[in-house]
Amino acid sequence: MTRKTKSVEDVTIRFAGDSGDGMQFTGTQFTNTTAIFGNDLSTLPDYPAEIRAPQGTTFGVSGFQIHFGSTEINTPGDTFDVLVAMNAAALKVNLRSLIKGGSIIVNTDGFNEKNLKLAGYSENPLHNHTLADYSVYEVDITKLTSLALQDLNLAPKIVDRSKNLFALGMMFWIYHRPLEPTIKWLNEKFSKKPDVLEANLRVLKAGWNFSETTEIFSVRYNIAPAKLYPGKYRNITGNQATAWGLLAAAQKARLTLFLGSYPITPASDILHELAKHKNFGVKTFQAEDEIAGVTSAIGAAFAGSLGVTTTSGPGLALKTEALGLAVMVELPLVVVDVQRSGPSTGLPTKTEQADLMQALYGRNGEAPLPVIAASTPSDCFNAVFESARIAIKYMTPVICLTDGYLANGSEPWLIPNYDQLPNIAPSFPTEPDGFFPYARNETTLARPWAIPGTPGLEHRIGGLEKQNITGNVNYEPENHEVMVKLRAEKIARVANDIPMAEVDGDAHGDVLVVGWGSTYGAIRTAVQRHRAKGHSVAHLHLTYLHPLQKNIGELLSNYKKILIPEINNGQLIHILRSQYLLPAIGLNKIQGLPFRAEEIEIKIDELLKGNTP
Amino acid sequence: MTRKTKSVEDVTIRFAGDSGDGMQFTGTQFTNTTAIFGNDLSTLPDYPAEIRAPQGTTFGVSGFQIHFGSTEINTPGDTFDVLVAMNAAALKVNLRSLIKGGSIIVNTDGFNEKNLKLAGYSENPLHNHTLADYSVYEVDITKLTSLALQDLNLAPKIVDRSKNLFALGMMFWIYHRPLEPTIKWLNEKFSKKPDVLEANLRVLKAGWNFSETTEIFSVRYNIAPAKLYPGKYRNITGNQATAWGLLAAAQKARLTLFLGSYPITPASDILHELAKHKNFGVKTFQAEDEIAGVTSAIGAAFAGSLGVTTTSGPGLALKTEALGLAVMVELPLVVVDVQRSGPSTGLPTKTEQADLMQALYGRNGEAPLPVIAASTPSDCFNAVFESARIAIKYMTPVICLTDGYLANGSEPWLIPNYDQLPNIAPSFPTEPDGFFPYARNETTLARPWAIPGTPGLEHRIGGLEKQNITGNVNYEPENHEVMVKLRAEKIARVANDIPMAEVDGDAHGDVLVVGWGSTYGAIRTAVQRHRAKGHSVAHLHLTYLHPLQKNIGELLSNYKKILIPEINNGQLIHILRSQYLLPAIGLNKIQGLPFRAEEIEIKIDELLKGNTP
Amino acid sequence: MTTLVDTIIEQAQTANPSNHSSKDFQSDQDVRWCPGCGDYSILAQAQRIMPDLGIPRHNIVFVSGIGCSSRFPYYMETYGFHSIHGRATAVASGVKLARPDLSVWVVTGDGDGMSIGGNHLIHLLRRNIDVNILLFNNQIYGLTKGQYSPTSEKGKVTKSTPYGSLDYPFNPVALALGAGATFVARTIDRDPKHLQQMLKRAGHHVGTSFVEVYQNCNVFNDGTFSHLTEKGTKDDYVVFLEHGKPLIFGKANDKGIRLSGFTPEVVSLTDGKYSANDLIIHNEHDTTLSFILANMTYNEFLPRPLGIFLDIARPSYDFEMQKQIEYAKRKRGEGDMSALLNSGETWIIQ
Amino acid sequence: MTTLVDTIIEQAQTANPSNHSSKDFQSDQDVRWCPGCGDYSILAQAQRIMPDLGIPRHNIVFVSGIGCSSRFPYYMETYGFHSIHGRATAVASGVKLARPDLSVWVVTGDGDGMSIGGNHLIHLLRRNIDVNILLFNNQIYGLTKGQYSPTSEKGKVTKSTPYGSLDYPFNPVALALGAGATFVARTIDRDPKHLQQMLKRAGHHVGTSFVEVYQNCNVFNDGTFSHLTEKGTKDDYVVFLEHGKPLIFGKANDKGIRLSGFTPEVVSLTDGKYSANDLIIHNEHDTTLSFILANMTYNEFLPRPLGIFLDIARPSYDFEMQKQIEYAKRKRGEGDMSALLNSGETWIIQ
Ligand SMILES: Cc1ncc(C[n+]2csc(CCOP(=O)(O)OP(=O)(O)O)c2C)c(N)n1
Ligand SMILES: Cc1ncc(C[n+]2csc(CCOP(=O)(O)OP(=O)(O)O)c2C)c(N)n1
Ligand code: SF4
Ligand code: SF4
Ligand SMILES: [Mg+2]
Ligand SMILES: [Mg+2]
């Protein structure tokens, strides 16, 4: 029996079910297969809040969204075309973001009395007009799964845990994806659990065969591979890219990586990932708190390691005093802040960009340091690598900002050639003659990194003001001013060591959209849509928040209007206004969610039409 | 025998000696007597760095400077007219700030071999041309003191400790000040130590008589009382004014004052002062660290006290996470930051204004709060009182900035009438019907302060995002945005509740000097000198750093040039530039020292002459 | 000065609070712990004993930090403060010092209380402020999804220690004793009766009480304490400390603990060698004994002691603070602000 | 990968360090403590014993926090880090974990180490990282000019407590033991010989060593320990702990300490009632005994124990960390970055 096959440019699918339904696994498998298939893609996992919720409730819903296609994909999608709902709560929570006319694949077993009640449905939405505008595919996945495993008489738990593979099998069939990658993965994962393996394989295929044999799905879809830059790709999440970027930097610099960290959502996975790689000589130290995390890293840096600490907003707040110390003793240190919604404990699992001011100014006294931000999941690799390069070359702490959206999101990544990564070449002095702990390199103004164990270079550092060159404690008024200026000038000189900023779009025009961090994808999409319509709109995305690249002022001056979208109440906008005295306009969303490209698109429209606030 | 008596408008004297020589006491006594005499005055104590230095060394020198006169006195004086040097080191350290032609009164006994060596003098400056430009009065104070006490055969320690009173006696004679206040003070202080009392009284009088009878001093000086606003005055230091302001606010509000604090220079004296007043029901809690200091204060606020925490820069850095909590739970809290030189431990005994950015932005997430600054020692009283008023009325933490210069400096203070101080009227709800922890007052947007112990109002608060009105934990995207905006708007509305800003000088003109905090005196003096010359220069001094007063933008627009002097590397200037897009110019001094009026005067000159950077 | 708070307290005297049943202590928030979490039982027991304390619920405050355990206050119909990570003990100190009239409870976890919050904890114990601390020890970081904690056994494999942890765990009881605690007890989620007893005793103790509650995290650290709770094993692995009674345990009460030198050892009571008289007799008031018993904790050859290790009387910090204030008022008179402003050297300008 | 640090370490092998005399450990910075401060003696003793440790001074690091005591590193001709208040133990943990080849010492005060730094201290002791901690206990905040500290006696009148302090002091030795320390000792500034012994023993112990050093602050807390140091009184107020020896003290060695039940008491050795055999025999390796002796501390009827309370062997955290890394390398091979980048699911785009 043959069926219609439609070709489409891109599709967005949302897998949704109970925390226990393995939606993250299903999404990840679909993602890897799709990546291998050659589509460009972007994903957004969406876990429930930290505390487990009772099964079947709306707070318990776990979702995974993937946007993939044959063209460039920059966001996980504002809305989705297909919703896979394993129970009523999953439908309830996600329906509002499904496009009108979209498809819903439901596990009918997830819509019994209990489920409906927990989801807050007075009547079954499958049986009234709730879903009139959508094409609904009702499948009793639970039943079909147990049927497939009948003869194996397995523990009910195992049977229940396999039903997500049935859904996966169906989706693979509908979108013409190969089963092999998943089969391969399952074989490795469950080599020691033959019964689980057998169950999973059977159900996966059952899902495929069910779609193939029954008439239920009338259409299949083709999404041609994307014209990606040729090379070898892998899929990667932001936190994994961060961990690997740190590892790569340490290797390049021939330093031991020391991570002093205290677990905190959404940064913990960086610690988890690095802890796996002890064979790189990595030293991961789960400290008693954030203060011990950063101060142990400073101690390690003093001793000649690449000192790193990873955290989120509340943790960064606790590290501020120690960062002042790092500024004063001028040791290299990389601080990763995976931003989340604040203030205080806020919405720990939601994303935000509201730590920029804290990163720039959250220290007592004049304590400037470089601040760098990652703009996509894979860009976290570059951002931390660059942070480490600058930290080591300029003997300074560097704050690298990512956020929850980047940390958990993933995208295909053109695997970099390790040998071609920028060089990082620290050197430890060994010559006692003329050694002074605070003598400086003429170009970088960096002080020497003399480490314990070096005969003849014994010296003392600390948080009290230092005498220029000798580094002795010094209270002289003039010396203090000299040192404050020197520390500031050193950081300012980083601007000589970084590429000029480039805009994406015409060099002059009506609207320049300036962003930083994870707004990259949404801004890029919005700007592209406008440019497609022939509007003179451009995009400038800042990786370096401090110091700013030297040509920023000039670039800004080339556009009639400047729009600054941020996932906060307006922070970068303060910096640029004060620096360049330009009347930039902010677009702010503070909902713990990334921008939808559309939201930015509309705002640009307003500006083009000239009706600005 | 009669002598010349000169009348002068103002004089600056510097008392300098070894840490052990009691210079702070001498200065304080001279200050009180001068205040009582009716001169206006301003003082600057200048202790050695925290660690005790060996006797007689230059690091060991302790100084006390007083500037007094018959006209308005705004600063302790850029330079001084008279130097009292108890030893060689004291001379060495202070000579450079003595005006050419000034007078030096030296204790010759402090210039023996040992002293000279310790001070780093190769030969005795009294015997070469070092002091050619000054009139030097050599007195063997040590010897004269022991002579005066000969027959009492006291412990040598007591004798030695009395010699500063000889110097004091001399200065009282020279400047026509009464001995009575000091005699009264000594009688009270040493009522239980008759021998010490006797010794002190004798030596004080001996100093006076010595001046009266010997020919050594050819001139005496008259400094007429100043035309101060009539009323009852006292002398007060910044830290004392801070402590009393807090006490007054608590009394007005009929709340128990709870201070959770951890000692730190230069803030510790606030804790010390408040600990003396337990009879006001004050509860002072010396916590294990700054975090416990602020969190215990938050706990006390929850329970219905006026929660206060006092610290300096490094301590504020540690409190930032907890301040985010205070913002989220919307409880009143007063945080006093007595700024000192940073970054890190920096120069702990020196002053600076470099915590402004930290106060405004040093928290994770969007966590706005009011920031207020004191501009003179006595103004600390008003600043903390106003901070408490706003904290209670708006249910918010407020940061009140002072600094080391204000904290230890003193000035005459027109004692306020307690009954006429602004009213502070918190009210605790008791009615359960319709009570919601996050329902808001329409005008202030403050939430109700419902305290434990109130039947029927049991409720829970915390650092997670709150649902509007109910205060329940809430993760809804829209609610988060609503709450972030509400918290910001609440703070913005404080601007409706504070007086408009006023400039000192013409309403329009060439140069407006904008300052905040302890630069007040120096700016005022500099501006007055220019206005005396008929230049169109005005002074705007900001008490409210956030929110800014509503008319600031308008005021700034009335001047050709804006000058912003700060004891930091430029912080307020960022705020004003970003807010009003005006090309303000900074004047920055980062030496741990206050501005000298002259330094600002010169900069204004430059601007007037139009040769600006 | 009678403060506004005094007025509130006075008014409350006349109120007749409804806190006769454990229901009265259940808030309207639905409980969000994982199904099967040990926290449920602790919550239930706390709500059960509250009425027995005879304190009106409006005079009770529960303070917590951050963690699964720290969600506790939301579920209690009392005043509650879910503060920040590690600071519950400091916040609670402020509450109690400000308001000695309140009954103040801290709920914290092994991460919240022993890791980031370790310093505030030992200082609270040292000061002996009248606060009741319940430390839910599940030997894991639950809320952050399963990293090892300062009470996890050495070698523990978790997300953050795939090769096994390297730290020696704290023994919370020993740490509390070392810090100078005046009341130290240990109990377990699965023994409701004992749990209730311990909570009541803690509630009645004047000064800081510290109760370590073994709690099962069935998602990230399931079964850590099962040998102490399972029918088959618990009798052999647990010894209950009862004041004045010898340390006897075993299914048939056939085993006891005696000291050889300073080291506790298990002896049989059936082989005729030893009788109850040879055993350690528990004394809640003996500081040294409390250390000996605390040290049994990680000794695999000895049963785990549950019960009250120490209970000694010492004036509480909050009481002393009140006394000091009253003394100051007696000595110097109730503070008068205008008098203070006008005190010392002053002068008049006409 | 051989790191750059490995190279430095290798090169240093060939160097012949000059650290034969205590002079070699004196830096060029002039010492800035108050004349008469107890810190001078501690510094002198440390400089004296350093050569005996036989470690080249370039392999020694002194880390401190903030306080008078914390100025110590500036005066030692070794590597030094004067960090921030309370964090010395955490900084030192990083130094030692990064560089197990270094000899790492922490100098801290009763405020720095027990107040703001209490948490890092107990966690370091728990982890048993091979760091030597010297806690200068002067029972006061010296640097900030005289507030009471967590080791000040209750009722202490200071600038911050004009009516007397209300907190019960920590007993640093008991706290360290409660935290699970493997080496705990106490000594005093005015007994150079004993001080030197203790420093040496600490230096030789593998794992964290904790040495409480009683130190006189003659400016803000003069004479606190004078009864333990003055000729006339010290023999009656101090008992020295010596492994394997009975606890005997007194001018004429005429008194001893025995246990009645669990409580130590002073007995006379002259009235014929008791002989040395009845006394506590010190055993550095007995954890329980260490607690008993620690508890003597604030008991006015007992002499103050000085010496080593506990010294037990346990693998250090830094050692275990090295082992784990070597194991990982053996098991998975020396890490290869390109291999890692290319591991797992990858695909080629033509
Ligand atoms: C300042 C800060 N650091 C880290 C975290 C992340 N965090 C929240 S709870 C927690 C530990 C929870 O463990 P525990 O206290 O044992 O509570 P449990 O969840 O096991 O009951 C951590 C690390 C945080 N919320 N705030
Ligand atoms: C974050 C911070 N808080 C407070 C201080 C102020 N401070 C410096 S040293 C000190 C206590 C010193 O006492 P201790 O550790 O006993 O050292 P000592 O001077 O007695 O040797 C304090 C409170 C500081 N420097 N930094
Ligand atoms: S994670 Fe563990 S501790 Fe937390 S709620 Fe679930 S079972 Fe309980
Ligand atoms: S203040 Fe005390 S501890 Fe500090 S240096 Fe002086 S005597 Fe020593
Ligand atoms: Mg736990
Ligand atoms: Mg001390």
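Relevant structure appears above.
In this text, all values refer to a predicted model and were calculated from it rather than measured experimentally.

### Here's the deal with the overall build of chain C
No. 1: Within chain C, the secondary structure is distributed over 12 helices and 12 strands.
No. 2: By principal-axis analysis of the C-alpha atoms, chain C measures approximately 95 × 45 × 45 Å.
No. 3: Across the 350 residues in chain C, those meeting the buried criterion constitute 63%.
No. 4: Put simply, of all contacts in chain C between residues at least 6 apart along the chain, 66% involve residues at least 24 apart.
No. 5: Accessible area for chain C stands at about 11,900 Å²; split by element, carbon and sulfur atoms hold 51% of it.
No. 6: A distance of 2 Å separates the average location of the 33 positive side-chain charges in chain C from that of its 36 negative side-chain charges.

### Looking at the site of ligand 3
No. 1: Around ligand 3, the neighbouring residues are Trp-33, Cys-34, Cys-37, Cys-68, Asn-138, Gln-215, Cys-217, Asn-218, Val-219 and Phe-220 of chain C.
No. 2: Per-class residue counts for the shell around ligand 3 are seven nonpolar, three polar and no charged.

### Regarding the coordination of the magnesium ion (ligand 6)
Residue and element names in this part refer to chain D.
No. 1: Donor atoms from the polypeptide that bind the magnesium ion (ligand 6) are Asp-110 (OD), Asn-138 (OD1) and Ile-140 (O), placed at 2.0 to 2.2 Å.
No. 2: Along the chain, the residues donating to the magnesium ion (ligand 6) are arranged with the sequence spacing D-x27-N-x1-I. In this pair, Asp-110 is assigned in helix H4 (residues 110–116) and Ile-140 in the loop between strand E4 (131–137) and helix H6 (172–178), connecting sequence segments 30 residues apart. Residue Asp-110 shares its accessibility class with Ile-140, and that shared class is buried.

### Concerning the coordination of the magnesium ion (ligand 5)
Residue and element names in this part refer to chain C.
No. 1: Donor atoms from the polypeptide that bind the magnesium ion (ligand 5) are Asp-110 (OD), Asn-138 (OD1) and Ile-140 (O), placed at 2.0 to 2.2 Å.
No. 2: Considered as a linear motif, the donors of the magnesium ion (ligand 5) on their single chain read D-x27-N-x1-I. Remark: Asn-138 occurs in the loop between strand E4 (131–137) and helix H6 (172–178) and Asp-110 occurs in helix H4 (residues 110–114); sequence separation between them is 28 residues. One exposure class covers both Asp-110 and Asn-138, and it is buried.

### Here's the deal with the interface of chain B and chain A
One widely used convention gives an interface's size as the accessible area the parts lose upon coming together.
No. 1: Counting residues at the interface gives 62 residues for chain B and 63 residues for chain A.
No. 2: Between chain B and chain A lies a buried interface of about 5,300 Å² when both sides are counted; carbon and sulfur atoms form 59% of it.
No. 3: Area buried by chain B at its contact with chain A is led by Pro-343, Asn-364 and Glu-366 of chain B, which between them contribute 13% of it.
No. 4: The tally of links from chain B across to chain A stands at two salt bridges.
No. 5: With its nearest N and O atoms 3.8 Å apart, the salt bridge here joins Glu-478 of chain B to Arg-96 of chain A.
No. 6: Inspection of the chain B/chain A interface yields 34 residue pairs in polar contact (both at pLDDT 80 or more).
No. 7: Where the side of chain B that touches chain A is concerned, the elements lending two or more residues are helix H11 (313–329), helix H12 (356–361), helix H15 (477–492) and helix H18 (572–580) of chain B.
No. 8: The leading source of residues in the side of chain B that touches chain A is H11 of chain B, at nine residues.
No. 9: Tallied by class, residues from the side of chain B that touches chain A come to 24 nonpolar, 25 polar and 13 charged.

### A few points about unusual backbone geometry
Residues and elements named next belong to chain A.
No. 1: A cis amide bond links Thr-265 with the next residue in sequence, Pro-266, at an omega value of 0 degrees.
No. 2: When you line up the elements, Pro-266 lands in the loop between strand E10 (257–261) and helix H10 (268–275).
No. 3: For the bond from Gly-342 to Pro-343, the omega torsion is 0 degrees, close enough to zero to count as cis.
No. 4: Among the structural elements, Pro-343 can be located in the loop between strand E13 (333–339) and helix H13 (356–361).

Parameters at a glance
- Residues numbered from 1 in each chain as written.
- Chains lettered and ligands numbered in written order.
- Predicted model: local features only at pLDDT ≥ 70, side-chain atom pairs only at ≥ 80, totals over all residues.
- Heavy atoms only, no water.
- Helix = DSSP H or I, 4+ residues; strand = E, 2+ residues; numbered from the N terminus.
- Buried < 20%, exposed > 50% of the residue type's maximum accessible area, 1.4 Å probe, protein only.
- Contact = heavy atoms within 4.5 Å.
- Areas by Shrake-Rupley, 256 points an atom, 1.4 Å probe, with all protein chains shown as cover.
- Lys, Arg positive; Asp, Glu negative; His and termini not counted.
- Charge placed at Lys NZ, Arg CZ, Asp CG, Glu CD.
- Near = heavy atom within 4 Å.
- Nonpolar A, V, L, I, M, F, W, Y, C, P; charged D, E, K, R; others polar.
- Donors = N, O, S within 2.8 Å, 3.2 Å for Na, K, Ca; no water.
- Buried area = accessible area lost by both parts, 1.4 Å probe.
- Salt bridge = Lys/Arg side-chain N within 4 Å of Asp/Glu carboxyl O.
- Polar contact = N/O pair within 3.5 Å; in protein donor to acceptor, adjacent residues only side chain to side chain.

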